Amino acid sequence: MKRIFIFLSFLITSLFGVGQELNSLSLFEYAKKNSPQLLNSASDIYMSEQKINEIRASGLPKINGELSFQNFINVPTTVVPASAFVPGAPEDELIGLSFGTPFNANYNLKVSQLIFSFNYIYGLKAAENFSELSRLANIQKNQTVFEEIKLSLGQVIFLQKMQKLMIKNLEEIQGLINKTNKLVENGLVEKSSINDVLVIELDIKSGLEALKSNEVLAILSLKSLIGAPIDSNITLIKNFEGSESETLKSFSMNPKTNNAVKIGEQNVILNRLNLKATQSEGYPSLYGFFNQQHMAMRNNFDFFDTSKDWYPATLWGINVTVPIYNSGEGKAKRKQKELALLKSENELREIENQIFQLYQLLQNNYKNAYLNYENQKIKVGLVEKVYQNEEKKLGLGASNSLTLSQRKIQLLNAQQQLIKNEFELYKAEVQIKTHSNPIKL
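Just so it is clear, the structure is predicted and the values come from calculations on it, not from any experiment.

Colleague: So what's going on with the overall build of the protein? Residues and values would help.
Modeller: If you tally the helices and strands in the protein, you get 8 helices and 6 strands. Secondary structure of the protein in N-to-C order comes out as α-α-α-β-β-β-β-α-α-α-β-β-α-α. Relative to its 441 residues, the protein shows a buried fraction of 35%. Partitioning the contacts of the protein with sequence separation of at least 6, the portion at a separation of at least 24 is 82%. Roughly 26,900 Å² of accessible area belongs to the protein as shown, and the carbon and sulfur atoms make up 56% of that amount.

Colleague: Account for the packing of aromatic side chains, with residues named and values stated.
Modeller: Tallied over the full model, the rule gives 15 aromatic pairs. Where Tyr107 meets Trp310, the ring centres are 5.5 Å apart and the plane angle is 50°; that geometry is what we call tilted. Of this pair, Tyr107 sits in strand E4 (residues 103-116) while Trp310 sits in the loop between strand E5 (285-298) and strand E6 (311-321); the two residues are 203 residues apart in sequence, bridging distant segments of the chain. Consider the rings of Phe240 and Tyr426, whose centres lie 5.1 Å apart with planes at 35°: the pair is tilted. Of this pair, Phe240 sits in the loop between helix H5 (194-226) and helix H6 (259-279) while Tyr426 sits in helix H8 (residues 401-436), placing them 186 residues apart in sequence.

Colleague: Can you explain H6? Please cite residues and give values.
Modeller: The end-to-end C-alpha distance of H6, which contains 21 residues, comes to 30 Å, matching closely the 30 Å that a straight helix rising 1.5 Å per residue would cover. Where H6 begins, the capping side chain belongs to Asn258, and its oxygen is found 2.8 Å from the backbone nitrogen of Ala260.

Colleague: For the sheet that holds E6, give the residues involved together with the corresponding values.
Modeller: Sheet architecture is open: 4 strands sit in the order E1-E4-E5-E6, paired in antiparallel fashion. The open sheet has two edge strands, strand E1 (62-71) and E6, and neither has a second partner. Each strand axis lies, on average, 15° off the axis of its neighbour in the sheet, ignoring direction. Inspection of the sheet shows E5 paired to E6 by 11 bridges, in the antiparallel sense. Residue His294 lies in a different strand from E6, and its bridge partner there is Pro312.

Colleague: Explain the layout of surface pockets residue by residue, including any values.
Modeller: Roughly 410 Å³ of volume is contained in the largest pocket. Along the wall of the largest pocket there are 16 residues; nearest its centre are Gln160, Lys161, Lys164, Leu165 and Ile419. Breaking the lining of the largest pocket down by element, the ones donating at least two residues are helix H4 (118-185), helix H7 (329-395) and H8. Residue composition of the lining of the largest pocket, by class: 5 nonpolar, 4 polar and 7 charged.

Colleague: I'd like a description of helix H2 (residues 24-34), backed by residues and values.
Modeller: All of the buried residues along H2 are Ser24, Leu27, Phe28, Tyr30 and Ala31. One face of H2 carries all of its buried residues, which in axial projection span an arc of 160°. At the N-terminal end of H2, a side-chain oxygen is found 3.3 Å from the backbone nitrogen of Leu25, two or three residues along, and the residue is Asn23.

Colleague: Could you give an account of the nonpolar core, with specific residues and numbers?
Modeller: With 67 residues, the main nonpolar core has Leu27, Ile149, Ile226 and Leu236 as its most contacted residues. Where this core is concerned, the elements lending two or more residues are H2, H4, H5, H6, H7 and H8. A per-element tally of this core places H4 first, with 16 residues. When neighbours within four sequence positions are excluded, Ile149 is seen to be in contact with Ser24, Leu27, Phe28, Ala31, Leu222, Leu225 and Ile226. In this structure, Ala126, Leu133, Leu136 and Ile263 belong to the second largest nonpolar core, which totals 8 residues.

Colleague: Can you explain the pattern of salt bridges? Please cite residues and give values.
Modeller: Per the counting criterion, the structure on display carries 16 salt bridges. The salt bridge involving Lys333 is made with Glu281; its shortest N-O contact spans 3.0 Å. Of the two residues, Lys333 is situated in helix H7 and Glu281 in the loop between H6 and E5; the sequence distance between them amounts to 52 residues. Among the residues examined, Glu281 registers a relative accessible area of 38% and is labelled partly exposed. Here the salt bridges do not stand alone but share partners, grouping Arg298, Asp302 and Lys308 into one network.

Colleague: An account of unusual backbone geometry is needed here, citing residue identities and associated values.
Modeller: Glycine aside, residues mostly have negative phi, and peptide bonds are mostly found in the trans state. If you check the backbone angles, Ser327 has positive phi at about 60° while not being a glycine. With respect to the helices, strands and loops of the structure, Ser327 is situated in the loop between E6 and H7.

Colleague: An account of the packing of H2 against helix H3 (residues 36-57) is requested, with residue identities and associated values reported.
Modeller: Contact pair H2 / H3: the axes reach a minimum separation of 6 Å and the direction vectors enclose 60°. Classified by the angle their axes make, H2 and H3 are oblique. In this structure, H2 meets H3 at a crossing whose hand is right-handed. Contact residues: Phe28, Ala31, Lys32, Lys33 and Asn34 in H2; Pro36, Leu38 and Leu39 in H3. Its residues placed into classes, the contact of H2 with H3 shows 5 nonpolar, 1 polar and 2 charged.

Colleague: Run through a nonpolar patch on the surface, naming residues and quoting values.
Modeller: Together, Ile115, Phe116, Phe118, Ile121, Tyr283, Phe290, Trp316, Ile318, Val320, Val322, Ile324 and Tyr325 give the surface a local cluster of nonpolar side chains, amounting to about 1,300 Å² of exposed area. Listing elements by their share of the nonpolar patch, those giving two or more residues are E4, H4 and E6. When residues in the nonpolar patch are grouped by element, the largest group, 3 residues, is from E6. In this structure, Ile318 sits in strand E6.

Parameters and conventions
Residues numbered from 1 in each chain as written. Predicted model: local features only at pLDDT ≥ 70, side-chain atom pairs only at ≥ 80, totals over all residues. Heavy atoms only, no water. Helix = DSSP H or I, 4+ residues; strand = E, 2+ residues; numbered from the N terminus. Buried < 20%, exposed > 50% of the residue type's maximum accessible area, 1.4 Å probe, protein only. Contact = heavy atoms within 4.5 Å. Areas by Shrake-Rupley, 256 points an atom, 1.4 Å probe, with all protein chains shown as cover. Phe/Tyr/Trp six-rings, centres within 6.5 Å; stacked < 30°, edge-to-face > 60°. Expected span 1.5 Å × (residues − 1). Polar contact = N/O pair within 3.5 Å; in protein donor to acceptor, adjacent residues only side chain to side chain. Pairing = 2+ DSSP bridges. Axes fitted to C-alpha atoms, helices over the stretch in contact; angles between N-to-C directions. 1 Å grid on protein atoms, 1.4 Å probe; cavity = no way out; pocket = protein on both sides within 12 Å on 5 of 7 lines; lining within 4 Å. Points joined across faces, edges and corners; volume = space filled by probe spheres on them. Nonpolar A, V, L, I, M, F, W, Y, C, P; charged D, E, K, R; others polar. Arc of directions from axis to C-beta. Core = buried A, V, L, I, M, F, W, Y, C linked by side-chain atoms within 4.5 Å. Salt bridge = Lys/Arg side-chain N within 4 Å of Asp/Glu carboxyl O. Parallel < 35°, antiparallel > 145°, perpendicular 65-115°, else oblique. Left-handed = near helix turned anticlockwise from the far one by under 90°. Patch = residues over 30% accessible without salt bridge, like charges linked within 9 Å, V, L, I, M, F, W, Y side chains within 5 Å.

Shown next as structure tokens:
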């Protein structure tokens, strides 16, 4: 038992490879095999394929066998005029005659075949369309999960970058504390000057602990999203994917390629076929059948006696079903299908308008995020120079720790904002890529 536990522990810890840094694509590949969401979505496609097979099979030949046995405790009696058997009997006199035997058995084989039915044809087309709808829904689900993986990965990278920045600033603050202590010892600044720097150190330490806790939660959320064991080891890339390498000009968005629009179009087609299938219920249907039957009638239970006869009956024929009047039921059903078709057409137009508005919004968001990020990089450079100059002044005794602390806080805020803007640019790019470059399965 202990060996099994050790083996399972090793298996879990090595799921993603030792030291392998995973990007969004490798995480998505893992999710396609392990995510409950994606596995269920793939199952929907298989179920729709089986639905097509079910409807197709309903129009193929059906063979049924039947075996029956009857024991008449009282053999049925038929009443006939007595004069038929007794000449001179009164005309109103009746006598009872028993026809049949107390033991009867029969077995038969029946073959039926649908020859022609509009309802079957449209039903099969609707099922095939539903399968396409399931395929598109699966693509959309995969696309949504892929986007969520990218954003979740970006959240982890953002928190790690913030921690790295905080650690770097903490080291600088600790170096500043040492410098300030030396200045105090040399009598260049007052002893209370160190307090301003110590306050910054405490704030950075508190912020760093909060970032570590949030990183743990973000990684757990990512593992849950891709279907990885919660206690598995996972090593992720350290930088955002392509946030600086692409510009708005490289993206081209066409509403016709959007999965939401394609699903809306398939809904219209499906409702149109459903309407035709309902209308076809008023058309004739043609069926063929063949029946082979054998019957045995006995006064005693001796059906296994091969010397006694079983009497055959063989027939075939064609049935034509012609709907004539259904009390308005068909009209009501057709009206419902017509309204469902109209509703799906209206929804498609609404989806197209929403997608167009979404594209404009995504383009604006990306443009603004890109400009904010570039401007913030310039701002960080300027604030950093101001801080470095103030640090030199402090070393010469021309400044004080309060002013330097203020400059340090200003620089730290600018650096944090730069990482935030980089993350916002990454998210804007992920969202615009999701709609401009749909995944293919």
